[in-house]
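Notes for the structure review
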Amino acid sequence: MAAAAAGAGAGAWAAQEKQFPPALLSFFIYNPRFGPREGEEENKILFYHPNEVEKNEKIRNVGLCEAIVQFTRTFSPSKPAKSLHTQKNRQFFNEPEENFWMVMVVRNPIIEKQSKDGKPIVEYQEEELLDKVYSSVLQQCYSMYKLFNGTFLKAMEDGGVKLLKERLEKFFHRYLQTLHLQSCDLLDIFGGISFFPLDKMTYLKIQSFINRMEESLNIVKYTAFLYNDQLIWSGLEQDDMRILYKYLTTSLFPRHIEPELAGRDSPIRAEMPGNLQHYGRFLTGPLNLNDPEAKCRFPKIFVNTDDTYEELHLIVYKAMSAAVCFMIDASIQLTLDFCRRLDSIVGPQLTVLASDICEQFNINKRISGSEKEPQFKFIYFNHMNLAEKSTIHMRKTPSVSLTSVHPDLMKILGDINSDFTRADEDEEIIVKAMSDYWVVGKKSDQRELYVILNQKNANLIEVNEEVKKLCATQFNNIFFLD
Amino acid sequence: MGEEDYYLELCERPVQFEKANPVNCVFFDEANKQVFAVRSGGATGVVVKGPDDRNPISFRMDDKGEVKCIKFSLENKILAVQRTSKTVDFCNFIPDNSQLEYTQECKTKNANILGFCWTSSTEIVFITDQGIEFYQVLPEKRSLKLLKSHNINVNWYMYCPESAVILLSTTVLENVLQPFYFRAGTMSKLPKFEIELPAAPKSTKLSLSERDIAMATIYGQLYVLFLRHHSRTSNSTGAEVVLYHLPREGACKKMHILKLNRTGKFALNVVDNLVVVHHQDTETSVIFDIKLRGEFDGTVTFHHPVLPARSIQPYQIPMAGPAAVTSQSPVPCKLYSSSWIVFQPDIIISASQGYLWNLQVKLQPIVNLLPDKGRLMDFLLQRKECKMVILSVCSQMLSESDRATLPVIATVFDKLNHEYKKYLDAEQSYVMAVEAGQSRSNPPLKRPTRTQAVVDQSDMYTHVLSAFAENKEMPHKFVIAVLMEYIRSLNQFQITVQHYLHELVIKTLVQHNRFYMLHQFLQYHVLSDSKPLACLLLSLESFYPPAHQLSLDMLKRLSTANDEIVEVLLSKHQVLAALRFIRGIGGHDNISARKFLDAAKQTEDNMLFYTIFRFFEQRNQRLRGNPNFTPGEHCEEHVAFFKQVFGDQALMRPTTF
């Protein structure tokens, strides 16, 4: 993929300049304990991308990382190196489980200029990449792996290195293709969850629905409820929900959007006599319930890996914009009968509920009125509940997350975030960017707010007033210091 | 059949009177519910007993012939005795009034008096075979004054004292009924109506029998109940009770049909707004509730018995003697005896045994006889003594052994809260009307009565939910689901949820470490903001750090808890944040400098202390024109500390203009 990156770079043409975005050079996982002796180094390597790389080079690269980590540990025993900056690329290190290291090497963005004699001059932009963004991406890689495969250690226990290698290969082979390193930004650091705004009564109705479903499908262990790709309820703990949410919103849901838009795949079904017509369908599991040969295979996920270590079937069922995830202990065999029963119980009720939510949401929008299009571009994040809100990002598609602002501004946001991370105190940073833009970052307790303002000739005081206004309208119901 | 199976019973303390026999005649007055035992035409004594009377009234009167009817006026003021078919005799029971009898003959020539009814303490109606005569009795003059009369052929009559309506049977088939309504000296004729008799062969003349008609007030409305022994529709056999609604104004209308699905001899009672139908052949009774949903065919609603037929609970008669001897074993009473006479609404008299009972409904046994919990609640909510039974049903449906499903629980909660909300609304509009000064309006405003069917949050909390949530055996998922369902139901009826319910939810979640769930509930404001809740959250911070933020947010939204916010921030050593907050809401001129300086000093951050100190110096300057602290502020210690760390010259100088 690294080789193809140059071609894939959709750089904008500007005055004979060619830009190449950051790209994944290599990605590997190793455990130094597996080949401590000379000549056995290859055993350390559990996964290496790209696989075509010659064996000795793999060993050399792994060895280099090992050395860097060892060397830097001398200076900071508790916090080993997180990244290594070089002119051409940046390496990120992560040790998610003891002695298991994940390394991601990202090539810095490139600007290719034509020199006077027509020869291309390649310029690496060493300072463009934000450590925190890509470290977070690397951590996410692990979390996503763990969600579908469990821990490295568990694989070792179940089937030794061989099994672990198989799992890593199977998972990362596909997963790495979905990393879109050119469009990673502040939101990857947060890894937040967008919550669907809802009035109390509708929320309680959803609660009631979930409790009833869990009761009538008595094998359900956890349930999550989403509307419009935004979370409303999670029975899972926060960390597990965070990664599941990421999977649902960036992978599973987008894959099903297109057939929905095309109007296929979502027929009103009324085959079952006496049943309400409904729009429910499985996003995971059987496609056609009438096909007696249909397979009831659901993805398995692993949660609470720190203590109870549970393996679960993940059933995702959707009606219109409402999606429910039912999680069932993996030891239970799921049958076609069960799927049909679920469909007949959940389908009609979820259909009604989905239209209720839609209606209520529209009413609330009309009442509040002011919620039209916010004039402000902002990103809000609360570390406590992982709530995230962005008016900068357009709808996420499977390939890229579109932002409506210039990448340079996004980088400023990332820089401010890095500053916030360094201090515990509440802070406020105001940056005057180029071309009339002001960027304001505020941190109050566990909350962060980033605002981008574009006002001609505005001064510091006016910018401050604008942000105050925004806080008063958007965040008046939380304790957010001015 | 276990005792828990009977849902009808005779009252424990019946009115006891001397048995009817050739020398002792027994009369019952439906208006005063009194039993008259007249011995030898009154010569050897008349004993009058009512249900509430501790002391029976006894007196003697001359035997002037066979007594046909004997009744006191309301409040026992005047006694009326009918001995002939033309006259009624009166005797005053008012102190200081003459007790000499006086007599009134009916006005209509050649008419026979069928009977009479008192409509007040001094107003009486004679019913003759040719019409009715309405009189006022003038006890001091010992005479009567005719107020109004009406001529009409009468076969028989019926009186409903609660609604003061007399029903006259007219025409050959006796099935055209003419109601009259009496109130304060006036007599009004209501529209007559016809009772539909069953289709019968032409040869046999079927007429309407007095025995098959009853009048009773059900849910505040007057109904004429007609016991039709054969259904008009040929496809269904079995008798039925037809209910005609008799409104104060407008025409009488057939409304309900109660299907008995059996034939034979029946008797009717009305108890607690339920129609009780006794069946002599099977010695069982069934009950009907016209408020429960039935099958509506466009004009009338068909009802089936609420419960399976059951006998009245067996009754033991204590051995009666001059001095009731306790050692003697009680004798079982013969129920459904042919000597029973039934009166409306709830009276059963056994003249041969000398007892008058009130019929009663027992609610507790019904709980197990009516499996449909929604219908059970509909039924219970209409009963007078329902609260404890309802609460026990709620506890039962949440118990491990008898656990109901969530949809059923939700239905029950919704029914309870519907009733609760109705009361709250009535109460609120009453309060608003009073505040608006309509208290002197006419008719005077009545405060809505709180019936037992109003089961509020505190009832549910005390008798059902708190014990349920504390039951360790109960899966916490179910506990939370039930509590949320109750909160959902309250919200659906727009009833403000009390904080103790929220606390119960929080306690349960905390006990099971479901902090993330709690967090989500708070995020969607399902648990309403309150100071107690915010404090509870603060106390959870050590188990769940985000509780701190949740608590602060809540205090902020309350907007009456600014002092608390400052305290919370200071306790966290967030002195600057506290100061910025109080300045943000414009309260910084009134805060205690000492409190903030103390907190700043505790942080051992000298720069912070400097900042805070300088802020107050500036405040002093602004407010008093001098940066120094006044002795009343007790900041000497901090001034000294400031000087020690930063030197005297760092103190702010008074600005002079």
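What you are looking at is a predicted structure, and each value in this text was computed from that prediction instead of being measured. (Residues numbered from 1 in each chain as written. Chains lettered and ligands numbered in written order. Predicted model: local features only at pLDDT ≥ 70, side-chain atom pairs only at ≥ 80, totals over all residues. Heavy atoms only, no water.)

**Brief notes about the overall build of chain A**
Within chain A one finds ten helices and 21 strands. Counting over 482 residues, chain A shows a buried share of 50%. Sequence separation of at least 24 residues holds for 60% of the intrachain contacts in chain A that already meet a minimum separation of 6. For chain A, the computed accessible surface area is about 23400 Å², with 50% contributed by carbon and sulfur atoms. (Helix = DSSP H or I, 4+ residues; strand = E, 2+ residues; numbered from the N terminus. Buried < 20%, exposed > 50% of the residue type's maximum accessible area, 1.4 Å probe, protein only. Contact = heavy atoms within 4.5 Å. Areas by Shrake-Rupley, 256 points an atom, 1.4 Å probe, with all protein chains shown as cover.)

**Considerations on the overall build of chain B**
A count of helices and strands for chain B gives 15 helices and 33 strands. For 657 residues, the compact-globule estimate of 2.2 N^0.38 gives 26 Å, and the C-alpha radius of gyration of chain B, at 38 Å, exceeds that figure by more than 25%. The C-alpha extent of chain B, read off along each of the three principal axes, is 125 × 60 × 60 Å. Across chain B, every contact between residues at least 6 apart in sequence was considered, and the portion connecting residues at least 24 apart equals 51%. Summed over all atoms, the accessible surface of chain B reaches about 31200 Å², with 51% contributed by carbon and sulfur. For chain B, the distance from the average site of its 71 positive side-chain charges to the average site of its 68 negative ones is 4 Å. (Rg over C-alpha atoms; globule rule 2.2 N^0.38 Å. Lys, Arg positive; Asp, Glu negative; His and termini not counted. Charge placed at Lys NZ, Arg CZ, Asp CG, Glu CD.)

**Here we look at the interface of chain A and chain B**
Listed per partner, the contact involves 40 residues of chain A and 39 residues of chain B. Between chain A and chain B lies a buried interface of about 3400 Å² when both sides are counted; carbon and sulfur atoms form 54% of it. Our enumeration of links across chain A and chain B arrives at three salt bridges. Residue R212 of chain A is joined to E485 of chain B by a salt bridge in which the shortest nitrogen-to-oxygen separation is 3.8 Å. Looking at which element gives the most residues to the side of chain A that touches chain B, the answer is helix α6 (residues 200-216) of chain A, with eleven residues. A class-by-class count of the residues in the side of chain A that touches chain B yields 18 nonpolar, eleven polar and eleven charged. (Buried area = accessible area lost by both parts, 1.4 Å probe. Salt bridge = Lys/Arg side-chain N within 4 Å of Asp/Glu carboxyl O. Nonpolar A, V, L, I, M, F, W, Y, C, P; charged D, E, K, R; others polar.)

**Quick look at the UniProt feature "domain: CCZ1/INTU/HSP4 first Longin" (unreviewed entry) in chain A**
According to UniProt, the positions carrying the feature "domain: CCZ1/INTU/HSP4 first Longin" (unreviewed entry) are residues 25-150 of chain A. Secondary structure over residues 25-150 of chain A splits into 30% helix and 33% strand, and the C-alpha atoms at its two ends are 26 Å apart. (UniProt positions renumbered as here; feature names shortened; annotations may be inferred.)

**Quick look at the sheet that holds strand β27 (residues 295-296) of chain B**
Residues and elements named next belong to chain B. Read across the sheet, six strands follow the order β20-β21-β22-β23-β28-β27 without closing on themselves; strand pairing throughout is mixed. The open sheet has two edge strands, β20 (213-218) and β27, and neither has a second partner. Bridge analysis of strand β22 (residues 240-245) against strand β23 (residues 253-259) gives six bridges, and the strand direction is antiparallel. Of the residues in β23, the one forming a bridge with V241 is L258. (Pairing = 2+ DSSP bridges.)

**Describing helix α3 (residues 131-149) of chain A**
Residues and elements named next belong to chain A. Its 19 residues give α3 an end-to-end C-alpha distance of 27 Å, which sits within 8% of 27 Å, the value for a rise of 1.5 Å per residue. The buried fraction of α3 amounts to 15 of the 19 residues, a majority that puts the element mostly inside the structure. One or two positions beyond α3, positive phi appears at G150, with a value near 80°. (Expected span 1.5 Å × (residues − 1).)

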